[in-house]
Every structure is written in structure tokens, then in C-alpha cells.
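Survey of secondary and tertiary structure
Below are the chains, spelled out letter by letter.
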Amino acid sequence: LAGRDFRQEDTVITIGDVEIGGNQVQVFAGPCAVESWEQLIESARAVKEAGAKILRGGAFKPRTSPYAFQGLEEKGLQLLAKAREETGLLITTEVMDPRSIEIIAHYSDILQVGARNMQNFFLLKELAKIEKPILLKRGLSSTIEEWLMAAEYLMAGGNNQVILCERGIRTFETYTRNTLDISAVPIVKQLSHLPVIVDPSHGTGKWQLVRPMSQASIAAGADGLMIEVHPNPSEALCDGPQSLTPENFTVLMEDMRKMARIM
Ligand code: PEP
Ligand code: MN
């Protein structure tokens, strides 16, 4: 169902007046984690001011260490919903557990499946039953075929609103957090009709690399970007080193307008 053989024309996912996979580049931006109302609304206002239409922010965080900040959970979802009310931005947030699908679907416009859960088939089967778009990140060590098969799980179960997100893969290179596979964009665009976005924040782990890799992603044909933005990256509870300041995010959005089909 995800393949070009099955459907030739590009899939466009429409939420209100926002189209993902159409002629515009859509930018999902915001903090790694929702930390507080002040941090979230400041991020949301900055992201909106710069021209993005979708706010990201984790309420349930998949952290490597069980002692690291795990997210504000339902409180975080409520803050995201409040930020949507104040700014009109759409909301994307991660779902890790089938038991929280209902509550996350209640608060959020797009549900994100993180890299660590790309092959959590039980989670995918449950998400296939809901009527909200799913942002499916590529697994840490997943091939393109495995990634498309994960999308197939969602579609086979009845959910055709799938957005793919390249976020870097594990290689022997340790200079960057992951190796961002830009070539995955044209490959997936050829194999599939689904929209493909790129997350250069997790893809590189370094904020200085986010701008050039965003440019490269759009040049390669990506339908959008996911970018971590924090009002004060040095104090972020999660992923500060890869987060852009509002000022740097504004510069990135100016690039995008120059390069592409944005807005
Ligand atoms: C995220 O986007 O918040 C995240 C945890 O990313 P990934 O699943 O790609 O590691
Ligand atoms: Mn993060």
C-alpha cells in the first residue's frame, strides 16, 4: 500500500489548512521535551513567528537512562493543547505505548512514532486503527525496506495517513550522533508515494549542522523538516546541543523560503 506501484500520485495529508506532501515544505519545530508552560509557549511563539505551522514537543520521552527526565506526560499534553489554542499551531508528540494512544490522540493532531519504536508492531497495529496522521521515524538501525514495511503495518491496518521521517542511522562514525541518510529521501520518494521529511537535529546531534543539513534535505526533495528549537538550549532538559535558538531557527526558515516552495 505504501508503494508507488499501488499508487502513483503523491499522498498529501491535509490537516486544517496545512498540507503535508503537497507543494509546500512543512516544518515541524519545537523543543525536544515539554518542560514547562513558559518554555513551551516561548518556543511556540518563536516557531510561529518564524513561519512554521506545526509545533513538536515530547510529553512521553524515550530516554536511554531511566534516571533521565522522562517527560511531563499528561500534563505535557495539556500544555501542548494550550499552546495550540494560543498560537493556532498544529501539535505533534510521541506515542510510545498502546495504553497512551487514546489520550495522546485526544490532545494531539499528529502522533509520532519514535525511532526506537519503529518496529514495535503491536504499537503500529493499534495506531493503524486511529484516524489521525502518524509521523513514522526511521529506526536507529533500520533499512529503508524495514522502514517502509513499518509504514505498511499502519496502512494494512487502515491508516493511510503516514508521514515518513529520516532521522539518521547508526554507523561507525561517531563525530555526529547519527549519520543522516540524505539519500534515503530520493530513494523513498521513488519507492513510495508517502510524504518524507528529515530531522537533522537528531540526525546530527549538533545544532551547527542543522542548517546545512536542512538545505541538503530540501535540495534532495524532502517534503519538510523536523527541527528542535529551545528558548535556552544550554538549559534544555533534553537534546540542548542539537537545539536551535529562536534566532537561528528564524535564519533557517529564511533559507527555506529562499530555497523552496514554502508558504
Ligand atoms: C524525538 O523526535 O523526540 C525523538 C526522540 O527522536 P528519535 O525517535 O528520532 O530519536
Ligand atoms: Mn530530542
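I will try to describe carefully the structure that is included in this document. (Residues numbered from 1 in each chain as written. Chains lettered and ligands numbered in written order. Predicted model: local features only at pLDDT ≥ 70, side-chain atom pairs only at ≥ 80, totals over all residues.)

Focus: the overall build of the protein chain
Scanning the protein chain from N- to C-terminus turns up nine helices and ten strands. The C-alpha radius of gyration computed for the protein chain amounts to 17 Å, which stays within 12% of the reference 18 Å derived for 263 residues, consistent with globular compactness. Principal-axis analysis of the C-alpha atoms places the extent of the protein chain at approximately 45 × 40 × 40 Å. Burial status across the protein chain gives 49% buried among its 263 residues. When contacts within the protein chain are restricted to residue pairs at least 6 apart in sequence, long-range pairs at least 24 apart make up 66% of them. (Helix = DSSP H or I, 4+ residues; strand = E, 2+ residues; numbered from the N terminus. Rg over C-alpha atoms; globule rule 2.2 N^0.38 Å. Buried ≥ 20, exposed ≤ 12 C-beta atoms within 10 Å, placed from the backbone. Contact = placed C-beta atoms within 7 Å.)

Re the site of ligand 1
Surveying the vicinity of ligand 1 reveals the residues Cys32, Gly58, Pro62, Glu94, Gly114, Ala115, Arg116, Lys137, Arg167, Asp199 and His202. Looking at the shell around ligand 1, its residues break down into three nonpolar, three polar and five charged. (Near = placed C-beta within 6 Å. Nonpolar A, V, L, I, M, F, W, Y, C, P; charged D, E, K, R; others polar.)

Regarding unusual backbone geometry
Despite not being glycine, glutamate 73 shows a phi value in the positive range, around 55 degrees. You will see that aspartate 239, though not glycine, has its phi angle at about 60 degrees, which is positive. Mapped onto the elements, aspartate 239 comes out in the loop between β10 (224-228) and α9 (246-259). For aspartate 239, a count of 20 C-beta atoms within 10 Å puts it in the buried group.

Quick notes on the environment of alanine 33
Of note, alanine 33 is situated in the loop between β3 (26-30) and α1 (37-50). Assessed through the 27 C-beta atoms surrounding it within 10 Å, alanine 33 is described here as buried. In this structure, alanine 33 is in contact with Gly57, Gly58, Lys61, Phe69, Gly71, Leu237 and Cys238, ignoring residues within four places of it in sequence.

Some details on the sheet that holds strand β6 (residues 110-113)
Strand order in the closed barrel made by the eight strands is β3-β4-β5-β6-β7-β8-β9-β10, with parallel pairing throughout. Taking the axes of each pair of neighbouring strands and ignoring which way they run, one obtains an average angle of 25 degrees across the sheet. Two elements, strand β4 (residues 54-56) and strand β5 (residues 90-94), share three bridges in a ladder whose sense is parallel. Bridge pairing in β5 places arginine 56 opposite threonine 92. (Pairing = 2+ DSSP bridges. Axes fitted to C-alpha atoms, helices over the stretch in contact; angles between N-to-C directions.)

Structural notes on α1
With 14 residues, α1 ought to run about 20 Å at 1.5 Å a step, and its terminal C-alpha atoms sit 20 Å apart, in line with that. Within α1, the full set of buried residues consists of Gln39, Leu40, Ser43, Ala44, Ala46, Val47 and Ala50. Summarising the axial view, the buried residues of α1 lie within an arc of 165 degrees, below the 170-degree limit, and thus occupy one face. In this fold, the buried residues of α1 make contact with β3, β4, α2 (74-87) and α9. (Expected span 1.5 Å × (residues − 1). Arc of directions from axis to C-beta.)

Some points on helix α6 (residues 184-191)
Within the sequence span of α6, burial applies to Ala184, Val185 and Val188. For α6, the arc enclosing every buried residue in end-on projection is 100 degrees, short of the 170-degree limit, so these residues lie on one face. If you follow the buried residues of α6, they end up packed against α5 (144-156), β8 (162-166), β9 (196-198) and α8 (207-219).

Overview of the pairing of β5
When you tally the buried positions in β5, you get five out of five residues, the bulk of the element. Alternating residues of β5 divide into Leu90, Thr92 and Glu94 and Ile91 and Thr93, and every residue in both groups is buried. Between the parallel elements β4 and β5, the chain passes through α2 in a crossover that is right-handed. Direction of pairing for β5 relative to β6: parallel, over a ladder of three bridges. The residue bridging threonine 93 from the neighbouring strand is leucine 111, located in β6. Of the crossover connections in this fold, the one passing from β5 over helix α3 (residues 101-107) to the parallel β6 is right-handed. (Right-handed = clockwise from strand over helix to strand, strands pointing away.)

Notes on the nonpolar core
Counting residues in hydrophobic clusters, the biggest one holds 76 residues, and the most contacted among them are Val47, Leu136, Ala151, Ile163, Leu164, Ile227 and Phe249. Here this core gets six residues from one element, more than from any other, and that element is α5. Among all residues touching leucine 164, those that are not within four sequence positions of it are Leu136, Trp147, Ala151, Val188, Leu194, Pro195 and Val196. (Core = buried A, V, L, I, M, F, W, Y, C linked by C-beta atoms within 7 Å.)

Description of the pairing of β8
In terms of burial, β8 is largely enclosed, as five of its five residues are buried. Residues of β8 alternate between two faces, with Val162, Leu164 and Glu166 on one and Ile163 and Cys165 on the opposite face, all of them buried. Direction of pairing for strand β7 (residues 134-137) relative to β8: parallel, over a ladder of four bridges. Paired with leucine 136 across the bridge in β8 is leucine 164. In this fold, β7 hands off to α5, which returns the chain to β8; that crossover is right-handed. Taken together, β8, α6 and β9 form a β-α-β motif whose crossover is right-handed.

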